[in-house]
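# Survey of secondary and tertiary structure
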Amino acid sequence: MRRRAARGRSVGSFRFLTAGESHGQALGATLEGIPAGLPLTAERIAVDLARRQRGYGRGARQAIEQDRAEIVSGVRHGLTLGSPILLLVRNRDWENWTRVMQVEPLSESEAAELAAMSLEGNRRAAPVTRVRPGHADLAGALKYGFSDVRNVLERASARETAARVAAGAVSRALLGELGIEVWSFTAEVGGVAVDPAACTRSRDEADESPLRCPDPGAEVQMIARIDEARSNGDTVGGVFEVVARGVPIGLGSYVHWDRRLDAALAAAVVSINIVKGVEFGLGFEQTRRFGSAVHDVIEGRSDEGRWIHRSNNAGGLTGGVSNGEPIVVRGAVKPISTLARPLPSADLLTGRPVEKAHYERSDICVVPAAGVVGEAMVMLTLVDFVLAKFGGDSVAETRDNLERYRATIARPPEPAGPTSPTRRLGDGDDGTEAGSGGDD
Ligand SMILES: Cc1cc2nc3c(=O)[nH]c(=O)nc-3n(C[C@H](O)[C@H](O)[C@H](O)COP(=O)(O)O)c2cc1C
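As the structure is a prediction and not an experimental result, all values here were calculated from the model.

Parameters at a glance
Residues take numbers from 1 onward in each chain, read along the sequence in its written order. Local features are withheld for residues below a pLDDT of 70 in this predicted model, meaning they are given only at 70 or higher, and side-chain atom pairs are given and counted only at 80 or more; totals for whole chains, interfaces and linings count all residues. Side-chain numbers come from the whole structure's heavy atoms, not from hydrogens or water. Strands are runs of DSSP state E lasting at least two residues, helices are runs of H or I lasting at least four, and both sets are numbered from the N terminus onward. We compute the radius of gyration from the C-alpha atoms alone; for a globule the expected value is 2.2 Å times N to the 0.38, where N is the number of residues. Partly exposed residues are those whose accessible area sits between 20% and 50% of the maximum for their type, while under 20% is buried and over 50% is exposed, using a 1.4 Å probe and protein chains only. Between 30 and 60 degrees the pair is tilted, below 30 it is stacked and above 60 it is edge-to-face, where a pair is any two Phe, Tyr or Trp rings, Trp via its six-membered ring, whose centres lie within 6.5 Å. A ring is considered to have a charge above it if a Lys NZ or an Arg CZ atom is located within 6 Å of its centre and within 35 degrees of its normal. Pairing of N or O atoms within 3.5 Å defines a polar contact, subject to two protein rules: one partner must be a possible hydrogen donor and the other a possible acceptor, and residues neighboring in sequence count only if both atoms are side-chain atoms. When checking whether two residues touch, look at their non-hydrogen atoms; a contact exists if any pair is within 4.5 Å. When DSSP locates at least two bridges between a pair of strands, those strands are taken to pair. Inter-axis angles, ranging from 0 to 180 degrees, are taken between N-to-C directions of lines fitted to C-alpha atoms, where helices are fitted over the stretch in contact. Note on definitions: salt bridges are taken to be side-chain nitrogens of Lys or Arg within 4 Å of carboxyl oxygens of Asp or Glu.

### Re the overall build of the chain
- What the chain contains, in helices and strands, is 12 helices and 17 strands.
- Computed over the C-alpha atoms, the radius of gyration of the chain is 24 Å, within 12% of the 22 Å expected from 2.2 N^0.38 for a compact globule of 440 residues.
- In terms of its C-alpha atoms, the chain occupies a principal-axis envelope of roughly 85 × 50 × 45 Å.
- Classification of the 440 residues of the chain by burial places 45% in the buried group.

Here it is as structure tokens:
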């Protein structure tokens, strides 16, 4: 137990960490526990990095950066080695911030240079003290004892999510070898939601569309909401949906709170800077319906051994365990907190009100990009749970273990004895319990 606590959220031996500031030299991601023999190239990672950068409503930064991850270690001749994988995503914008973000201590002349830049009106060089409502500025500065909010916002910035997406692309490569694929789309912007019946775009078409949205009609209205926000110096949020297909029955467990896959996925998605809520499947709508209109009727086992549910309102998760249906997770994205027409706030140093909070170049809507980060967080979580259940030092070993398990659960289980805890409900047992008490 102590070992698990030391590793953080991971349920197995897999974990990942990121490093880097928004305008520092580079972002980094280290992945530990990816098995050997996985084909991996920088080109493959670049696909997801480019998807994160697109989307109507993004700010000018995306025109500067063309993210690419260098694979620095853990891969040889295109195949993973089983050793830690280190990825670096360089910040092109760093060239404009070298003095402001300098790693080494400032010499007297360098400090004077920075002060002069600030006096001449260079806003990058000036300490940030007018904290932004809705951002990490105030709590972060007080917590770490900073008098310049730049020290907070450089790491709280979602530029860090480029490193997560790079790590997520490694997870995508592994999951792909195991028959699991993960995708996301924009489900809602500024109160305009997709109509499932009008989602006429293919996955590729949606991915190429301005908002990564499968419903072209809804997308037009979403774009109008973003334009409205832009012309008012405002921002707008929405909802993304991540869908994972091919996940085997049995990832996660009901036996402990910290082994539940639903809990881990919720934490992973809420960990994305800007996500304020998570739903699975039918989500909160379940609370408005009777049970008979919520629970997914189980049809039975098909001839090929696949368990079939009539619907997927549970979003592929029951009892904290994957149930073989697609996992469907939605993330609620709040509006960006850096406004071109800033809200009133207060100054960190004086503690007095100020008319306008700090502003620096910012996005207006990031729902499509947040969806790509959502995919990454879901994939990284699935890799953790897959490796915890199936292990494997090489991809071949992991795949063999998974295939053997898939074949086993496709067959009828051995009939159990009358006292066995795994006794199945069978003929002559109608499945109802005596008494009328609840589970607890
Ligand atoms: C892809 C992406 C891009 C973002 N871009 C911005 C931005 O340009 N300006 C901003 O203020 N916040 C942006 N955010 C959100 C902030 O990083 C986030 O609101 C802030 O770190 C505070 O965290 P919280 O919203 O989880 O409380 C972005 C988030 C994501 C996922």
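There's more to say after this.
### Comments concerning the packing of aromatic side chains
- Within this structure, the stated rule accounts for three aromatic pairs.
- Taking the centre distance of 6.0 Å and the plane angle of 20 degrees together, the rings of Tyr144 and Phe146 count as stacked.
- Judged by relative accessible area, Tyr144 falls into the exposed class, the value being 56%.
- Above the plane of the ring of Tyr56 lies Arg230, whose end atom (NZ or CZ) is 5.6 Å from the centre.

### Some points on the side chain of Asp207
- Within the secondary structure, Asp207 sits in helix α8 (residues 203-208).
- A polar atom in the side chain of Asp207 sits 3.4 Å from the side chain of Trp183.
- Among residues more than four places away in sequence, those in contact with Asp207 are Arg51, Arg54, Trp183 and Arg212.

### Re the sheet that holds strand β9 (residues 238-245)
- Pairing is antiparallel across the open sheet formed by five strands, whose spatial order is β8-β7-β9-β15-β10. Both edges of this open sheet fall to β8 (192-193) and β10 (275-280), since each of them pairs with a single strand only.
- Bridge count between β9 and strand β15 (residues 327-333): seven bridges; the pairing is antiparallel. Bridge pairing links Val239 to Ala332 in β15.
- Across the sheet, helix α10 (residues 261-270) lies against β9, β10 and β15, angled at about 150 degrees from β10, the strand it touches most.

### Some words on the pattern of salt bridges
- Evaluation of the coordinates by the stated rule reveals 31 salt bridges.
- A salt bridge links Glu154 to Arg150; the nearest nitrogen and oxygen atoms lie 3.0 Å apart. On the criterion of helical spacing, the pair formed by Glu154 and Arg150 is a turn pair, its members being four residues apart in helix α6 (residues 150-156). Like Glu154, the residue Arg150 is buried in the burial classification.
- Close ionic contact of Asp207 with Arg212 constitutes a salt bridge, the shortest N to O distance being 3.0 Å.
- Since its relative accessible area comes to 12%, Asp207 is described here as buried.
- A relative accessible area of 2% means that Arg212 is categorised as buried.
- Look at the salt bridges and you will find they share partners, linking Asp48, Arg51, Arg172, Asp207, Arg212 and Glu375 into a network.

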